[in-house]
Each structure stands twice: as C-alpha cells, then as structure tokens.
Amino acid sequence: MAIPAAAATPGNPKPFYARLGFQITAGIVLGIVLGFADPQLGQSMKVLGDIFLRLIKTVVAPLVFLNLVLGILAAGDLKKVGKIGFKALIYFEVVSTIVLAISMVLANYSGVGVGLNLQPDAAVHAAATASYGKAAAPIGFDAFLLSMIPDSFVGALTGHSLLQVVVLSIAFGAAVLMLTAKTRTVVEGAFTTMSDCFFKLTDLVMRFAPIGAFGAIAYAIGASGMQALVSLGYLLLVMYAILAFVVIVVFGVILRCFGMNIFHFLRYFKAEIGILFATGSSESAFPRLMEKLQALGCSKQTVSLVLPTGYAFNLDGTSVYLPLCVMFLANAYGVPLTWEHQLGLLLIMLVTSKGAATVSGGTFIVFAATVTASGILPIEGLPLLFGINRFTSQAVCICNAMGNSVATVVVAKLNGDFDEGVAKAEYHRALGRPINASL
C-alpha cells in the first residue's frame, strides 16, 4: 500500500510559500481584504468556494465507504469490529453529553439574546415555516431510525447523510467477512487499490484549497461586512469562546490523560484547521484527517472505523451551537425556559445532533429541527440566526473535526493500536523539533 503523503519525509523541505498551510492562510487573508475593499466583487467569488466544496464532496462518501469496509476486513471478525465500535460509541456519547451540558450552563449565564425584546409576527412566522419547515420537521425516535437506512445503495453515496454511509459500510463489510478467504482477499485488494486512488484524487483536489478558501472568505466578508447586529456579534463572541474552551480545555484534558499535548496536536493539524475555517464544512478536511491520523501512529483499521463513525455520531461543535442558539431565541423572544424545559431540550439535542449533515449549513438544519421539535421556541427567529450561519459554521466545524480526531487517537490508544514511536517521529517532522516527553 502506498505511504500517505502526510507521512512521507522529503529529502529537501519545500519553501514556505509552497506549503499548503501557507497558501491557505494567504488565500484567507486575501479574501478578507477583497471582501472589505470591494464587497460586491467579494460576493462574486462565492463560486470558487462552492467549486472546492463540490470537489471535496465527490470523494468524502466513497472514502468513508471504502475505508470503513477495509477497517472491518482488517479486524478480521465482527467481534473485534464490535469491540472498537462499542468503545467509540461510549466515548462519543459521554463527551457529547458533557459538551452539551457545559454549553447549556454557560449559555444560561452568558445573557445571549437578552435585550432584543423581539415579538412573534404572524407573517414572519409563516415565511419562516415555508423556508425551514421541510428541513425542520419534528424528529421522533422512529424517524431518526428510519433516516439511518438508505433507500438505495447508490443513494447513500450520493446523499448528504454520512450516517447512512456508515450503516451501509458496516453491512457491506459484514457481508464480505462471510465470503470465503480467497474471495475476501480479492475484494480487499480491489478496495485497497480504489482507496489509494481516491486518496490520490484528494491530493489533486487539495491543490485547489487555497483558491477555494479565498473565494469562501471573500464572499462571507462581502455579504455581511460590518453590519452585524451587536447582539449577534455578542452571540458569535460567546460561541467562539465556548468552542475554544471545549477544544483547548475539554479535549486538552482528554489528551493529557492519554499522554498527549493539545497544542502539539492542534499545530499538527493547522493546515486542516485553515481549510475548515475557510469553508465552514467539516467534510472539507476529512480526507486529509484520515491520512494524517494514520501518519501520526493510529492504525488504519481504527482510523477507518472511528473517524467516519464520529462524523455521524460525535459532533461536539454542534453540541455547543445548539444550546447557545436555543437560549438566544428564548431570551430574544422572552420565552421562559425552566431547568425542566432545558433538560428536555438536551434530550432532544442528543437525538437531533446525531447524523447531522457535515456540509456547510448542516448544523443550522439540525438546529431548525430542534426548534420545531421543542414546540416552545419561536421558529420565526431562524432567519435571524441564519444571517450569521456562515460565521458560526466556521468555528463549529473545526470543533467537530478536532473532536473526532481526538476520539480516533483515544480509541486507538485504548485498543493498543497507537504507535508512540511513529507519533514522535511524525511530530518531529511536522513541528520541526524533537518531542521527547509528552506528545
């Protein structure tokens, strides 16, 4: 199998201007400048960001499918797959619940939305229902279960639900394990070759990342500029602060318990964080995360099983977004929420946050579903929050992606599938200095 590009050690390091991280940063800076200097021209650059996202979306579902199946085949039997999956799901639920609770508590004391004194308007309510009603249909447990099952093999790969891809991959991998050893070897070899081809395709797509980042940021700045309301700006400030707390403190404590340093970890993924910030889509960094987590010492089997599953079940950034925006609407419209109401909403969020689309805007659709399912929050407030969705999604998707990367490392360590020596060598190569103590 070909060595992932992230793990290769070049004889002659590239000059700084040829590195992807620098090029993405430059694209972001130029996009910000253009957005402020010529907002109209900046908005016209949206097509560049959209092209990049479309290119990324062409490889994400096949990569998830191929690598989940290969992860199951690498395990050799369903018992080992179940062992890894069980630990991963327990981790996902525990951490997601902790993050939801932290966000809800902080949202209560932050005062987001206080002072707006908005009143429900029948016309606005009707317009909001028409715009978001379809996406925000109330989600029951039976509807959630049904949404997990694809209605066709190809449909699962062409839709926007990674949860369906995960279910399809597990079923297909289990079926391949039932084949004879000779046939299974042929299938595994074919899937490995196809996976390598899709990673090469990803390398080609990533060459467009700086241009895509430039277009996405230029559009965001050009469309919104400095006209954001003070209350929405405060909501953004609070949300970014809580997301930073979750990434640095919560993830930092988890990594410290497993002998790793959160700041080394974030530096290692700085190029991917730049892509996530520019595109506002968790999908945009998925292929690179798969490569770099393997290069960091996680076994291919664990990465192939845990990372795609985490994208469906472990959205920590979404778990911060939901309680904050719920409290913003409640305060803005004067809707009293008792602790009993909030506990009920937390239970709804535990369901609605699972299987969220990882494309840009997916978190907002999940929030719209939560608002509708609650029955007590004003749906007419959705357009107000949609106006800043671009800025919220940038930070949310970073938290989602880093949360899943941390989860992959933790599960790999719990299963003895993490190579400390490889990790230190990769950190040394990527960070430019030896890591002798904590990773």
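Here the structure is shown first, and the text comes after it.
What counts, and where the lines are drawn
- Residues numbered from 1 in each chain as written.
- Predicted model: local features only at pLDDT ≥ 70, side-chain atom pairs only at ≥ 80, totals over all residues.
- Heavy atoms only, no water.
- Helix = DSSP H or I, 4+ residues; strand = E, 2+ residues; numbered from the N terminus.
- Buried < 20%, exposed > 50% of the residue type's maximum accessible area, 1.4 Å probe, protein only.
- Contact = heavy atoms within 4.5 Å.
- Areas by Shrake-Rupley, 256 points an atom, 1.4 Å probe, with all protein chains shown as cover.
- Axes fitted to C-alpha atoms, helices over the stretch in contact; angles between N-to-C directions.
- Left-handed = near helix turned anticlockwise from the far one by under 90°.
- Nonpolar A, V, L, I, M, F, W, Y, C, P; charged D, E, K, R; others polar.
- Polar contact = N/O pair within 3.5 Å; in protein donor to acceptor, adjacent residues only side chain to side chain.
- Expected span 1.5 Å × (residues − 1).
- Patch = residues over 30% accessible without salt bridge, like charges linked within 9 Å, V, L, I, M, F, W, Y side chains within 5 Å.
- Salt bridge = Lys/Arg side-chain N within 4 Å of Asp/Glu carboxyl O.
- Core = buried A, V, L, I, M, F, W, Y, C linked by side-chain atoms within 4.5 Å.

Asker: Looking at this structure, I do not really get the overall build of the protein. What am I missing?
Answerer: Looking only at helices and strands, the protein has 21 helices and zero strands in total. Across the 439 residues of the protein, 53% fall into the buried class. At a minimum sequence separation of 6, the contacts of the protein that also span at least 24 residues come to 84%. Summed over its atoms, the accessible surface of the protein is roughly 18,600 Å², and 68% of this surface lies on carbon and sulfur atoms.

Asker: Looking at this model, I keep getting lost on the packing of helix α15 (residues 300–313) against helix α20 (residues 389–414). Mind explaining?
Answerer: Packed helix pairs are specified by the crossing angle of their axes together with the interaxial distance, meaning the distance between the axes. Between α15 and α20, the shortest axis-to-axis distance is 9 Å and the interhelical angle comes to 145°. The hand of the α15/α20 crossing is right-handed. Of the residues in α20, those in contact with Thr 302, Val 303, Val 306, Leu 307, Gly 310 and Tyr 311 of α15 are Ala 401, Asn 404, Ser 405, Ala 407, Thr 408, Val 411 and Ala 412. Split by residue class, the contact of α15 with α20 holds eight nonpolar, five polar and no charged.

Asker: Help me understand the environment of Leu 324, please; the structure alone is not making it clear to me.
Answerer: By the element assignment, Leu 324 lies in helix α16 (residues 316–332). For the pair formed by Leu 324 and Val 105, sequence separation is 219 residues and the distance between their alpha carbons is 9.4 Å. If sequence neighbours within four positions are ignored, Leu 324 has contacts with Ser 103, Ala 107, Ser 110, Val 112, Leu 235, Val 238, Met 239 and Ile 242.

Asker: In this structure, what is going on with the environment of Phe 367? I would like to understand it.
Answerer: Looking at the secondary structure, you find Phe 367 in helix α18 (residues 362–374). With relative accessibility at 0%, the residue Phe 367 sits in the buried group. Taking the C-alpha atoms as reference points, Phe 367 and Leu 322, separated by 45 residues in sequence, lie 6.0 Å from one another.

Asker: Help me out: how do you make sense of the side chain of Gln 394 in this one?
Answerer: If you trace the backbone, Gln 394 turns up in helix α20. A distance of 2.9 Å separates a polar atom in the side chain of Gln 394 from the backbone oxygen of Phe 277.

Asker: Would you explain α20 in this entry?
Answerer: Note: α-helices contain 3.6 residues per turn, so residues at a spacing of three or four share the same orientation. Taking 1.5 Å per residue as the helical rise, α20 with its 26 residues ought to reach 38 Å, and the 37 Å between its terminal C-alpha atoms agrees with that figure. The buried fraction of α20 is high, at 25 of 26 residues.

Asker: How do you make sense of the environment of Phe 277 when you look at a structure like this?
Answerer: If you trace the backbone, Phe 277 turns up in helix α13 (residues 270–279). In this structure Phe 277 comes out as partly exposed when scored by relative accessible area, which is 27%. It is 8.9 Å that separates the C-alpha atoms of Phe 277 and Ile 28, two residues lying 249 residues apart in sequence. Dropping the residues within four chain positions of it, Phe 277 is found in contact with Ile 28, Ile 217, Tyr 240, Gln 394 and Ile 398.

Asker: Before we go on, may I ask you to explain a nonpolar patch on the surface in this structure?
Answerer: Where nonpolar side chains cluster on the molecular surface, the patch consists of Phe 245, Ile 248, Val 249, Val 253 and Phe 263 and spans about 420 Å² of accessible area. It is helix α11 (residues 230–257) that provides the largest number of residues to the nonpolar patch, a total of four residues. By secondary structure assignment, the location of Val 253 is in helix α11. The exposure class of Val 253 is partly exposed, given its relative accessible area of 48%.

Asker: Would you mind showing me how to read the nonpolar core here?
Answerer: A general trend in soluble globular proteins is that nonpolar side chains are found buried together. Judged by nonpolar contacts, the single largest core of 121 residues is most densely connected at Phe 251, Met 260, Phe 265, Leu 324, Phe 367 and Met 402. If near-sequence neighbours (up to four positions away) are discounted, Phe 265 is found in contact with Leu 255, Met 260, Leu 296, Met 402, Ser 405, Val 406, Val 409 and Tyr 427.

Asker: Quick question: what am I supposed to make of the packing of helix α14 (residues 286–295) against α15 here?
Answerer: One can describe the packing of α14 onto α15 by two numbers: an axis separation of 10 Å at closest approach and a directional angle of 145°. As α14 runs across α15, the sense of the crossing is right-handed. Residue-level inspection shows Phe 286, Leu 289, Met 290, Leu 293 and Gln 294 of α14 in contact with α15, the latter providing Lys 300, Val 303, Ser 304, Leu 307, Pro 308 and Tyr 311. Per-class residue counts for the contact of α14 with α15 are eight nonpolar, two polar and one charged.

Read these as layout, nothing more, since geometry by itself doesn't imply function.
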